[in-house]
Amino acid sequence: MLPADHPDPSVVKIGNEYWAAGTTSNWFPAFTLYRSPDLVNWTASGHVFNQMPAWADYYMWAPEITYENGKVYLYYTGHKKGGSLCIAAAVADRPEGPYRDLGPLMCEADGSIDAFPMRDEQGKLYMIWKEDGNSRGKPTPIWAQEMKEDRTGLLGEKKELFRADAPWEKGLVEGVAVIRRQGYFYAFYAAAGCCGKTCTYGTGIARAKSLLGPWEKYPGNPVLADNDRWKCPGHGTPVEKDGRFYYLYHGYSTASGAYGGRQGLLSEFEFTADGWLKFLDQPVTNSMEFPATITDGFAGNRLDDAWHWSVFQPVKAKVAQNTLQLQALPANGGAYIGRSVMARHYDAQVTLQQNSTAEGGLALVGDDKNMVYASVVKNRLRLVQLKKDRETVLAETTVPAAASLVLKVAVTDNTGARFLYSAGGATFKALNAEPVDIAFLPPWDRAVRIALMAKGPATQQAFFKKFIVNNRSGNGAARQALQPGRSQALR
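Rules of the game
- Residues numbered from 1 in each chain as written.
- Predicted model: local features only at pLDDT ≥ 70, side-chain atom pairs only at ≥ 80, totals over all residues.
- Heavy atoms only, no water.
- Helix = DSSP H or I, 4+ residues; strand = E, 2+ residues; numbered from the N terminus.
- Rg over C-alpha atoms; globule rule 2.2 N^0.38 Å.
- Buried < 20%, exposed > 50% of the residue type's maximum accessible area, 1.4 Å probe, protein only.
- Contact = heavy atoms within 4.5 Å.
- Areas by Shrake-Rupley, 256 points an atom, 1.4 Å probe, with all protein chains shown as cover.
- Lys, Arg positive; Asp, Glu negative; His and termini not counted.
- Charge placed at Lys NZ, Arg CZ, Asp CG, Glu CD.
- Pairing = 2+ DSSP bridges.
- Axes fitted to C-alpha atoms, helices over the stretch in contact; angles between N-to-C directions.
- Disulfide = S-S within 2.5 Å.
- Polar contact = N/O pair within 3.5 Å; in protein donor to acceptor, adjacent residues only side chain to side chain.
- Salt bridge = Lys/Arg side-chain N within 4 Å of Asp/Glu carboxyl O.
- Phe/Tyr/Trp six-rings, centres within 6.5 Å; stacked < 30°, edge-to-face > 60°.
- Lys NZ or Arg CZ within 6 Å of the ring centre and 35° of its normal.

Visitor: Is there a simple way to explain the overall build of the protein in this structure?
Guide: A tally of helices and strands in the protein yields one helix and 37 strands. A compact globule built from 491 residues would reach a C-alpha radius of gyration of about 23 Å, and the protein, at 23 Å, matches this within 12%. Looking at the protein as a whole, 61% of its 491 residues are labelled buried. Of the contacts made within the protein by residues no fewer than 6 positions apart, 56% connect residues no fewer than 24 positions apart. Working note: accessible area of the protein is about 18,800 Å², and carbon and sulfur atoms make up 49% of it. Counting 54 positive and 49 negative side-chain charges, the protein places the averaged centre of each group 5 Å from the other.

Encoded structure:
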């Protein structure tokens, strides 16, 4: 339901709409917001933070969007400057914002992540979170502690709810979201390894009569596990629609894998007579899970919400007259803006204006220090591999001094990239005869991005027109509206 890189998705109903947000990690702006009338068709609608919160510097993880008493509260994880991972909160009068940061709520020495608010059986407000002990080779307890009603701090002492004690959990539990029904609190939780090519994630259920426990885990866990289409499902939020219940969570497509990132999935579940719940497993209608073609003509006066950049870069981009102006940076990877890969086989192209003063190019990006790009400077077209911040020129040629140059990259099976160019846009010439291996690109927690870059002094700029992506294949996923009597379990 949220194709491309949308880890740890959260969802809430506000009025007649559903609002969702997911992890952006070290991409900025932080926490893209999505709105939907039906849980299926989503529209990007801005971001929570267009400036980094004053206390944080990177790792913007696990937003949990909630609504209570006319206020929208978003809880999130960030890395504290000079410190550890912390859970924090922000507030807005409307889901689209603007959001006002309320600052950190808990910063344990080993890190505190995956915040979720919940009221107990007496109506007292609590914060639930995970202590990130696995980052230090320690256990990962799930804690609860009373929270101030204004969401500016916690009260009293924390209490452990449960921790990893089942073999399938592999010593790690996290991403807890709680719903209360039929006399029980039900905790949806993720366990094992979340991310990357070797992930082992799955979803478990636990229940308790009281929020503070004792908690018992479902004997049949995990309730969501790998199948032939999706891998490592977990970390989401339950939501109700028209008397039926759904879980919005993430998983890797077995087609695009780590290169396409963790995508937002939706499964229906129901409560059972024995006081547990089960996920439904009816078949779904197959259709494209992402658009076959994406075009950005840089219309209007602002970047599309799908573009992101590194939290470590002071990127300056301007859109005007159907042109993107990107200010250069002198780092090895330059300044860049990117958008998520969606398919296993795809091609992307952009028109680079020859009035650019900076070295401008088209790139496939993992992070600031790992990318492959084709760029033009002074009529010289270069193909460069940046691996662990070390540059290697793979190919180089002279291009004509035309008014513009179309740069193109064609990727096959996620890993083989051929770069091409055209002075007129009709006939393309290959820059590299053999595909470049881009298997090294994806970071452990993020997808590959297709990016536009500008390299050089900050006084220089690169100008781009008409960006196009063609997704040439992909496994299907349901896109029809949720209708009464029809299961939409994405298994």
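Still more to cover.
Visitor: Teacher, can you tell me more about the sheet that holds strand β2 (residues 17-21) here?
Guide: As a general point, the strands of a sheet are linked pairwise by backbone hydrogen bonds and lie either parallel or antiparallel. Read from one edge of the open sheet, four strands run β1-β2-β4-β5, paired in antiparallel fashion. The sheet is open, and its two edges are formed by β1 (10-14) and β5 (43-49), each paired on a single side. Put simply, the sheet's adjacent strands are angled 25° from each other on average, direction ignored.

Visitor: Would you mind showing me how to read the state of the cysteines here?
Guide: Note: disulfide means a covalent bond formed between the sulfur atoms of two cysteine side chains. Here the structure, examined in full by the defined rule, presents three disulfides. There is a disulfide in this structure between cysteine 86 and cysteine 107, and the S-S distance comes to 2.1 Å. An S-S torsion of about 120° defines the bridge between cysteine 86 and cysteine 107 as right-handed. Residue cysteine 86 is located in strand β8 (residues 85-92), and its partner cysteine 107 is located in the loop between β9 (100-106) and β10 (112-119); the two are separated by 21 residues in the primary sequence. Paired through a disulfide, cysteine 194 and cysteine 195 show a sulfur-sulfur distance of 1.9 Å. Judged by the sign of its S-S torsion, about -95°, the cystine formed by cysteine 194 and cysteine 195 is left-handed.

Visitor: Looking at this model, I keep getting lost on the side chain of threonine 23. Mind explaining?
Guide: In this fold, threonine 23 is placed in the loop between β2 and β3 (27-28). Polar contacts involving the side chain of threonine 23 include one to the side chain of aspartate 8, which spans 2.6 Å.

Visitor: I keep staring at the pattern of salt bridges and nothing clicks. Help me out?
Guide: It is possible for side chains bearing opposite charge to pair when their charged atoms get close. With the rule as written, the count across this model stands at 30 salt bridges. Here lysine 158 makes a salt bridge to glutamate 108, at a shortest N to O gap of 2.7 Å. Taken as a pair, lysine 158 in strand β13 (residues 154-162) and glutamate 108 in the loop between β9 and β10 lie far apart in primary sequence, 50 residues in all. Its salt-bridge partner being lysine 130, residue glutamate 174 comes within 2.7 Å of it at the nearest N-O pair. Linking glutamate 174 in strand β14 (residues 173-181) with lysine 130 in strand β11 (residues 125-131), this pair joins segments that are 44 residues apart in sequence. No difference in accessibility class separates glutamate 174 from lysine 130, as the two residues are buried. Each of Glu68, Arg119, Glu149 and Arg151 takes part in a single network of salt bridges with overlapping partners.

Visitor: Sorry if this is basic, but what is going on with unusual backbone geometry here?
Guide: The phi angle of most residues is negative, glycine excepted, and most peptide bonds adopt the trans form. The linkage connecting phenylalanine 28 with the following residue, proline 29, adopts the cis geometry, with an omega of 5°. Unlike most non-glycine residues, arginine 151 shows phi in positive territory, near 65°. Mapped onto the secondary structure, arginine 151 falls in the loop between β12 (142-147) and β13. For lysine 170, which is not a glycine, the phi torsion comes out positive at approximately 50°. Tracing the backbone through its elements, the reader meets lysine 170 in the loop between β13 and β14.

Visitor: Would you mind showing me how to read the packing of aromatic side chains here?
Guide: Two aromatic rings, taken as a pair, are described by how far apart their centres are and by the angle between their planes. Enumeration over the complete set of coordinates arrives at 26 aromatic pairs. For the cation-ring pair, lysine 387 lies above phenylalanine 440, with the distance from its terminal atom to the ring centre recorded as 5.0 Å.

Visitor: Even after reading the chapter, I still don't get the pairing of strand β7 (residues 71-80), so can you show me in this structure?
Guide: Here is the key point about a regular strand: its side chains alternate between the two faces of the sheet. Within β7, eight of the ten residues are buried, which leaves the element mostly enclosed by the surrounding structure. As paired strands, strand β6 (residues 56-68) and β7 are joined by eight bridges and run antiparallel to one another. In the strand pairing of β7, isoleucine 65 is matched with leucine 74. Here β6 folds back onto β7, and the loop between the two strands holds two residues, one of which, asparagine 69, carries a positive phi near 55°. As defined by bridge partners, β7 adjoins β8 across eight bridges and the pair is classed as antiparallel. Across the sheet, residue leucine 74 finds its bridge partner in β8, namely alanine 90. Here β7 hands over to β8 after four residues, with glycine 82 in that stretch at a positive phi of 70°.

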